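# Structural features, examined
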Amino acid sequence: MTALISTISSTTTDNSQSSLEAAAQKACASLVNHYSDPIHHHTNDGEDDLNELEHFHYEGSSLPCLPPVCEFWYRKLLEVGSSGLAICNESDTRIPLAITRELLYCYESIIRPVLIDSAISINGVVKVIQHYEVLLAYFVRNATEHNVRTTTASCDYIDGVVKNLDKAHICNNNIENSSSDELLQIGGIIYGISQDISHWMSKTMPSDDINATNKTKDKVFPCLLRLVGYCVTLLSSSQGIMDVNNKSDVIAFKEALSIATVICVPFVGDGTFKSGKFSIGTLMDWILESSKDDTKICNPMSIAAALKYCSPSPYSVMDDSDLMSSSSFMQRPVIDWSARSANFIAPWSDCLSFRAAAAVLKQIHTASVIGLPSRMNVHDGNEHSSTDILPLLQSISRHVGVQVITSTVRAYFYARLSYPSNSVSNVSDVASKPVGSYIPLVRRIGDETREIENQKPDVDTSDLTKEHNRFRVSAATLIFCAVLSQHSTFKACDNALSDVIPVALTLLDDVQSFHQGLGAAIILSAIESLSPFEPDTASTPAFVAKFNPFLTSAFETAIQHSGREEASLITAICFAQSKWIHYLSTLSQHPNCIIPQATVNALARKATADMMHRVINQAQFGGRDGNDERIAGMLVAGINPLLALLANLPDAASIEITRVGLSALLPLIGWRGSSLESHAIHISSMTCMLSLMNGAYPIMTKHGGKILTEVMLLLDRSDKDTAYLSETNSDFPCGSDNHTSANVTVKVALCCGAVSLIVCGESAEAVIQHVKSTNLQKPIERCREICELSKKIRP
């Protein structure tokens, strides 16, 4: 550390450098030298001021007192800045912005070695980065007011500076740097901070106490995030004097903002919990909200969707279908997204990190609006609250470009991020010397035997390494699910998906079931992003031609290996697979598509049979341990849509899977229980049976007896349960979920029985005759209703 300070001192005396640059370097070197002294490591020196500072960055807060060393350099830099810039009016915004620029330029050479260097204690590192950020915060916050505050007083929020950035040009009469060089230098600082955050994400601490480790990181991360915000401030100012017609400068500007976005997103999560947490359910809501089809009206994983999309649909013969579809039981998903297994926990993010990252995302949005050629209303980004993460990310992607963001996320996910992206030296450097610990998410055969000479991992515990990888997983998942719907053309969407699908495949191929669920969510987002566009009839989309075999294999493996995983994860995988096959089916209808319709039909049958085998295995365990939820999720999200697809194809496309279909569905129609989960299984299994009978009608004449027998037994149980609950249970009023679920079960059973009479013929009629011979009033009444309904449905 002494050598570092000596080197800095010698370089700052060079007469060729500006006085402001030299003063900034001396200020940073002084902070490092002062707070690296062990005397500060075990005291509360400036601790109260720093605690005040945590709330100083947010609107409505007041300025704390500067520590003495920071106050000295604050005055000194203002003095040098005023004289060096030849500005007599100290209220000119160019002074604090120019000082901010020079201080940030010192990050790479002076501050960053302290973060990485192990010669200084952890407490010393925290002190240095905190006070360095304090000094910068004063200049950014006081862009319009330059008197040092020794008492608290209110100040304008930092957005007040950002709004005027396109008018405030940073310049220095003693330094002649082009805007291109300035952009690259500031973007390089953002890139360096991103690597430092990754380094600290996997950094070990001398203390074995995990709480002490997290507490230390919780002090460093907000400071680093705010430094990214200051860089974005300078990027906006630099772009104000930049030639927007210079393509390389615009690309560098967009890539810098993309890197800043990728770093901030894992700290904000979905914005719901004021931390980096998010759930697969939230991702599904994002995806379906951006969808252009009727999924906004009917949740595709609900009972209402199962009734709507089966073939034939019971809605066509249900008199009160509108009333039925509006109930909570019908509209909510059949699986519980709030389950712990469906939530992503982000131990690296606390409330302070969340607020810092959310503020930076707003700055990124403002910078993208005022800096790029397509100027829009600057106030647009400030209309979103800190929890409106989705519209904020979507707006950033529209200005920066979805392709730029997706390529940045892919590079960051695979630890190959560089800035600028066309820098060969940066790419090779990152590839050969990754910052921090990196272990591939999927460990392949033989990887454990490979050793790199003269390279020792800086992390020995797998938990910290896992946390570092999870940070990348969080960034990729949240950004992909948020921004893919913002494409303007099919070609742009096709190009961006070439970056998205490899990441999704990596997650879908992982051994961790939660990662598989995230991979399925990304693929679903990619498919939904294509819904507004008509595919090019002249050729197959590039990402389909490139990745279809891998997607097919990955889905097949994920389904076959799904044991007793959580219902939310299995449902997400089944839903994504059925959506993918539906998209291929639509695509194959074009004559120039390289994937023929027969191949897609075979793929649909194979996927349906695999899911049915999983349902058969699950049904053996009964309804305990959440098993009924797993079965209902697979039926509604995976099996039902594919059986409906096959039913609508010519030549009875479901014949080949009839035997496995009956083996899976008949026991589910006879599933015991009167709970909401049991009724969900009854209804979804009968919707699947409707599509199966329609798609395999030539051979269904042999199976009518089995089908209608199970339907009649279900009707008998439902009638008896309804009569008992109506008399003894106060929670069974008309209109309640319990009452609605029982009523819908009966109506769908009647429809299923009527269709079996039409399709199966004599084998089903024999069951009707047998029931009539029993002289049981209620079953005979149900038989009469089935016969009347069959006459109504029969063409």
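It should be emphasised that the depicted structure is a prediction, and the values quoted were computed from it without experimental measurement.

Thresholds, definitions, all that
- Residues numbered from 1 in each chain as written.
- Predicted model: local features only at pLDDT ≥ 70, side-chain atom pairs only at ≥ 80, totals over all residues.
- Heavy atoms only, no water.
- Helix = DSSP H or I, 4+ residues; strand = E, 2+ residues; numbered from the N terminus.
- Buried < 20%, exposed > 50% of the residue type's maximum accessible area, 1.4 Å probe, protein only.
- Areas by Shrake-Rupley, 256 points an atom, 1.4 Å probe, with all protein chains shown as cover.
- Axes fitted to C-alpha atoms, helices over the stretch in contact; angles between N-to-C directions.
- Left-handed = near helix turned anticlockwise from the far one by under 90°.
- Contact = heavy atoms within 4.5 Å.
- Nonpolar A, V, L, I, M, F, W, Y, C, P; charged D, E, K, R; others polar.
- pLDDT = per-residue confidence, 0-100.
- Expected span 1.5 Å × (residues − 1).
- Salt bridge = Lys/Arg side-chain N within 4 Å of Asp/Glu carboxyl O.

## Here's the deal with the overall build of the protein
Counting its secondary structure elements, the protein contains 31 helices and two strands. Expressed as a percentage of the 795 residues in the protein, the buried residues total 59%. Accessible surface, the protein: about 31,700 Å² in total, of which carbon and sulfur atoms supply 50%.

## What about unusual backbone geometry?
Put simply, Ser-311 and Pro-312 share a cis peptide bond, and its omega is 5°. Cis geometry marks the peptide bond from Tyr-419 to Pro-420, where omega comes out at -10°. Relative to the helices and strands, Pro-420 is located in the loop between α17 (402–413) and α18 (424–432). Although it is not a glycine, Asp-651 sits at a positive phi angle of roughly 65°. Tracing the sequence through the fold places Asp-651 in the loop between α25 (627–647) and α26 (658–669). At Ala-652, a residue that is not glycine, the phi angle is positive and equals roughly 50°. Summarising the element assignment, Ala-652 is placed in the loop between α25 and α26.

## Overview of the packing of helix α30 (residues 762–772) against helix α31 (residues 777–793)
Relative to each other, α30 and α31 sit at 145°, their axes nearing to 9 Å. Relative to α31, α30 is oriented so that their crossing is left-handed. Where α30 approaches α31, its residues Ile-768, Val-771 and Lys-772 are matched on the opposing element by Pro-779, Ile-780, Cys-783 and Cys-787. In terms of residue class, the contact of α30 with α31 is built from six nonpolar, no polar and one charged.

## Things to note about the confidence of the model for the protein
Overall, the prediction assigns the protein a mean pLDDT of 78, with 74% of residues at 70 or greater. For residues 1–17, every residue scores under 50 in pLDDT, and the model assigns this stretch 21 contacts once sequence neighbours within four places are set aside.

## Considering helix α2 (residues 19–35)
If you check α2, its first and last C-alpha atoms are 24 Å apart, about what 17 residues at 1.5 Å a residue would give, namely 24 Å. What α2 keeps buried is the set Leu-20, Ala-22, Ala-23, Ala-24, Gln-25, Ala-27, Cys-28, Ala-29, Leu-31, Val-32 and Tyr-35.

## Notes on the environment of Val-600
Relative to the helices and strands, Val-600 resides in helix α24 (residues 597–619). Here Val-600 falls in the buried class, since its relative accessible area comes to 2%. As for Val-600 and Ser-585, which are separated by 15 residues in sequence, their C-alpha atoms are 6.0 Å apart. Not counting residues within four places of it along the chain, the set of residues in contact with Val-600 comprises Ile-581, Leu-584, Ser-585, Ser-588 and Ile-595.

## Some points on the pattern of salt bridges
If you walk through the whole model with that rule in mind, you get 15 salt bridges. In this structure, Glu-133 and Arg-226 form a salt bridge, with 3.1 Å as the shortest nitrogen-oxygen distance. Within this pair, whereas Glu-133 is found in helix α6 (residues 122–141), its partner Arg-226 is found in helix α9 (residues 210–240), the two being separated by 93 residues in sequence. Of the two residues, Glu-133 and Arg-226, neither departs from the other in class, the shared state being buried. Among the charged side chains, a network of salt bridges with common partners joins Glu-108, Arg-112 and Asp-196.

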